[in-house]
Amino acid sequence: MKREKRHGIERELSIKRIRSQKKYSILIVSVLLLTCTLVQIGFQMSEGLKAAYIENRKAVYGEWEQVFVDMDESSVKVAEENPFLAQTGKIRIYGAISGDYLENRQMNIGTMDETAWKLGRLEMKEGRLPENEHEIAMEYSTLRSLGYEEMLGKEITLDVTSALSILEQGESKSYAYTLCGILKDYQINWEICNRHRFPTGIVTREGGDRIGSIQDMHMLVKAKEGSESVYEDLKDSEEFTCGMDENVEQDKLSDVSLPYMDFLENIRLLIGGASICILFLTVSRSIISREQFWRFLDALGMRRGQMYQIIFWEAVLFGAGAVIVGNLAGIGIYQLVIPVFEKITEQTLPQAIAWEGVLFGTGFSVLCIGASYGLSAVQLRILLKEKKKKVQKRREKYRKIVRFTPGRVLLHKWQMHRVRKSVEIVLLASVFLIVGFGKMEISTRQEELKVYQRLTGNGYYLSTMEITNSPGISKQTVDKLEQVAGVTSVEQYHNNEKEEFWIDLSEYAESEYFQKVVETLVAYLNETSIKEKISIEKVRLSLLTIDRWQDIQRFLRNLDEGSLTKEEFEQGDFCILDLTELQEYDGKYLSAFSPDGQGISEDTVQVGDELPVYTLNEDGSRNENPIPVTAILRGMKEEDVRNPQIGGSGISMIVGKNFWKKFGKSRIMEYDQIVKILVSDDVDAYDTEGHILSILKQGTAVNVQNNHEEYKKIRQELYSFIGMYSIFAVFYMILISIVLYQMFLAEKQEEKREWEILQSLGMEEKFQKKMHRIEVLWMMGCAGVIGVFTLWGACRLI
Amino acid sequence: MKTVIRLDKVSKSYTLGEKKITALKEFSFEVKSGEFVAVMGRSGSGKSTFLKIAGTLEKPDTGAVFLNGIQINGLSQKRICKIRQKKIGFIFQQYQLLPEYTIWDNVCMPLYIAHTVPDKAYIRQLLEKVGLWDRNGDYPDQLSGGEQQRVAIARAMAAKPGVILADEPTGNLDYQTGQEIMKLICASRELYRQTIVMVTHDMDSANYADRIVYMEDGALR
């Protein structure tokens, strides 16, 4: 009789088993489903927020990818003829409003073609773009600082010079334009190109010709899809001689970037890693636990290939559903979370699904499930071949029973199933790790926030910027700021940011304090070449120059040695050396706010000692001056340690105005100014800010940092971090709970027969319960220890 | 002769899905000291339930169970376990050896559980009697069915219990091995003056007993 061959028996066996083992199937599917959901949330979160971030960036900076600056004719030709550039928008600068360098902003007058306008995503606040040579559209903040508010449709007069360089003195001429439009502020954000490359007043080509010839030309460009490498080619090209700046680079300087992008990337990595482990564990456990079933099939003559087919069908049946439903759930949850997230962070985020995330998430889920089942099939092969030998070996190793107590029996069990137990402990430890990491991060940030709030107080910081080239904030301006209603104090300082002063401490080479200072300086530097330059003979000096007697008071209050009279201060020849006690923070030695006698202190330097301070000339020779120490500061009270503070890593000095003269330096161009304004708590912050801005526009303008706003921003970041972390942690814990529950359930089933035998031999039920209690305690203990150590290690690494 | 085991109007039923199955129906039975009783009957007649209740592994729904004159179905779990450790030895059809422990440890297990230091000479004697002294370091899955059952007999004797309850001890063995096992059980009974209650389907095994009783629908026939 010819036997009919039956196909698809493996699939049927898989389906029947899934149907009959409902509880088991539900567990497996839940793990797969939750893992897929978690993976998709991870990808949606990072890809979605990345997309949101890019959108936000585009809204602020525009869609251009590169800007070509200071172009000459040949560079324009090369750019225009390049077949890989999809969009090129030209910007022509005809002149600058004269005297505006005092405003920390060069106000250029020029034209922007339609492509540049679109790529820059410029928007009109009111009115329209100019249509004839007598019309001009201007940026809002420029108009405000020129005192031209409420002038739309009216004639304004601008003194324009063709000298674009701040240092050049060009002739200026008055031009009358009708203000046809007011642009929303954009220049302030376009940091990378020193702002002044872009026009703040936009005229027509003819309007520009009224001023004169084109002084400067820039181009905003975007490459064709997939042709981003064109920028590298252009950079290398000899014909292309202009400068190039990348839009993406601006992120570093802006505050529009979404918080914790790095954290999101790490979370995605963590989710990926955890998913692979969890899936592999679950699947491999489910397959290995069916050892009897496989052996039985083996005994009945089933080929390995057929067994793999059963596994394959199980993977398809479980996996397909889990991938589809899980990923959809992930997208859904993310979409639900976004509005909450927006509310917390007060940022507009795109609601759209991140399709890249969907694609990657789904792909990753499929890959993980497939790989897990594949690896489990390999495990099965090994199991059917070799398990007996392995078990035998392990038994030989752990054969001796010393005492039959719950602890001993448990130890024996752990020795026999050490891989499984280790995995369970690691999974538990990962929960400790996740919770601990979150808790630590949140507490640290909360602490930082508290310190920030306490140390900064309610007020503002005005600071000149590196790119300013401005003479800064005058004493007169500071005096005016003191008159603003609600202002309680105004302090002014100068930091040496651009001019490098060095100190030779070889005379104090034995001092542990100075050694630690050098160590810390080196530890903070990333570049090896710079690290190599730092030594005890060559330590960078941080200077704080103070011009006004009242601004130095809080330092004088804390002097430990020496004193400074008003006369000495006025002469400007003093030097207060900051030798605040150092304390160790993660291997680095930083100044402690208030000494408690626990840190490293320095007392070999005395008042009257002369310290060898020098600057380096271009030929490498030293321009050295011995600076006598007028007084020494060894610590500050917390209420006095408010930014700007001297200290940190390095040697710091508070010096008078004549310090610079000794070295033949003009500090006008070489320092950064900081003005700290504190206001009373009951004052209307925005009103005060209005007053401060109105004073600044008449004199010198700078970046205005509102402490209250900064505090709000940091707090929002903290909330968004907590939000994101909670979502991740809750999902992770649900997933781990299911995986562990499943593993424990399988173990219990395995042990059931063993316990029945032991009970028939007279074992009390409480022995078993006690053993389980001990097991839980041991596991939690081990997991806790591993979790804490890993956390500690991870934190050290980070 | 003194009554060692007494079941007085014991009833026991199980629920299987929505169906209620009565395993024992007001079942009363006595076993005298030193007696060897074989309990026979068809599958589902309640033999194994009777053995489990007599061995304190299960509690009756109603009725009373006495062991050496003490009613055990009202005792605490701790005392029941003590009785099981010291007074009763079990032999099962499936041998019920612990695969992760050696033959020696399996035999000593009742003593370990009772926190008693095994009398090594006695355990050796037991293993020699069942012919497995030279295999004492092996594991159960390295032994044949008959050998495993012999280990189970040695284990049942380890705590020197007065009562041995055997649930089809030859059920999984061939005739020859079954006979050997029965001879071993009888020899042990002679040596330690034990009371034996054996549930079996096999008439050849039952013939070793002093008394054979038949069960049907949870009661004696």
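Residues numbered from 1 in each chain as written. Chains lettered and ligands numbered in written order. Predicted model: local features only at pLDDT ≥ 70, side-chain atom pairs only at ≥ 80, totals over all residues. Heavy atoms only, no water.

Enquirer: I'm lost on the overall build of chain B in this one. Help?
Expert: From N to C terminus, chain B includes seven helices and ten strands. Going through the 221 residues of chain B one by one, you find that 55% of them count as buried. Taking contacts inside chain B between residues at least 6 apart in sequence as the whole, the part at least 24 apart equals 72%. With an accessible surface of roughly 9,900 Å², chain B has 47% of that area assigned to carbon and sulfur atoms. (Helix = DSSP H or I, 4+ residues; strand = E, 2+ residues; numbered from the N terminus. Buried < 20%, exposed > 50% of the residue type's maximum accessible area, 1.4 Å probe, protein only. Contact = heavy atoms within 4.5 Å. Areas by Shrake-Rupley, 256 points an atom, 1.4 Å probe, with all protein chains shown as cover.)

Enquirer: Looking at this structure, I do not really get the sheet that holds strand 10 (residues 219-220) of chain B. What am I missing?
Expert: For sheets, the rule is that strands pair by backbone hydrogen bonds, running either parallel or antiparallel. All names here are of chain B. In space, the six strands of this open sheet follow the order 6-7-8-3-9-10, with mixed pairing throughout. Edge positions in the sheet fall to strand 6 (88-91) and strand 10, since each of these pairs with one other strand and no more. Across four bridges, strand 3 (residues 36-41) lies against strand 8 (residues 195-199) in parallel orientation. Considered in strand 8, the bridge of Val 37 is made with Val 197. (Pairing = 2+ DSSP bridges.)

Enquirer: For this particular structure, what's the right way to read the confidence of the model for chain B?
Expert: Parts of the model with low pLDDT should not have their predicted coordinates read in detail. Averaged over every residue, the pLDDT of chain B is 88; residues scoring 70 or more account for 100%. Reported confidence for the predicted complex is 0.78 by ipTM and 0.61 by pTM. (pLDDT = per-residue confidence, 0-100.)

Enquirer: Looking at this structure, I do not really get helix 3 (residues 73-81) of chain A. What am I missing?
Expert: Quick reminder: α-helices carry 3.6 residues per turn. Residues three or four places apart thus point the same way. Residues and elements named next belong to chain A. Within helix 3 the residues assigned to the buried category are Ser 75, Val 76, Val 78 and Ala 79. Looking straight down helix 3, one finds its buried side chains confined to an arc of 165°; they lie on one side. Of the residues in helix 3, the exposed ones pointing more than 90 degrees away from the buried face are Glu 73, Lys 77 and Glu 81. In this fold, the buried residues of helix 3 make contact with strand 1 (66-69), strand 2 (85-97), strand 9 (216-223) and helix 7 (230-236). (Arc of directions from axis to C-beta.)

Enquirer: Can you walk me through the interface of chain B and chain A in this structure?
Expert: By a widespread convention, an interface's size corresponds to the accessible area lost as its parts come together. If you look at the interface, chain B gives 25 residues, while chain A gives 21 residues. For the chain B and chain A pair, buried surface summed over both sides reaches about 2,400 Å², with 57% attributable to carbon and sulfur atoms. In terms of surface lost to chain A, no three residues of chain B exceed Glu 100, Tyr 101 and Tyr 139 of chain B, which account for 25% of the buried area on that side. Applying the counting criterion to the chain B and chain A interface returns zero salt bridges. For the interface between chain B and chain A, the tally reads three residue pairs in polar contact (both at pLDDT 80 or more). Those elements that provide at least two residues to the side of chain B that touches chain A are helix 2 (77-86) and helix 3 (103-113) of chain B. Considering each element in turn, the side of chain B that touches chain A owes the most residues, five residues, to helix 3 of chain B. The class makeup of the residues in the side of chain B that touches chain A is 13 nonpolar, six polar and six charged. (Buried area = accessible area lost by both parts, 1.4 Å probe. Salt bridge = Lys/Arg side-chain N within 4 Å of Asp/Glu carboxyl O. Polar contact = N/O pair within 3.5 Å; in protein donor to acceptor, adjacent residues only side chain to side chain. Nonpolar A, V, L, I, M, F, W, Y, C, P; charged D, E, K, R; others polar.)

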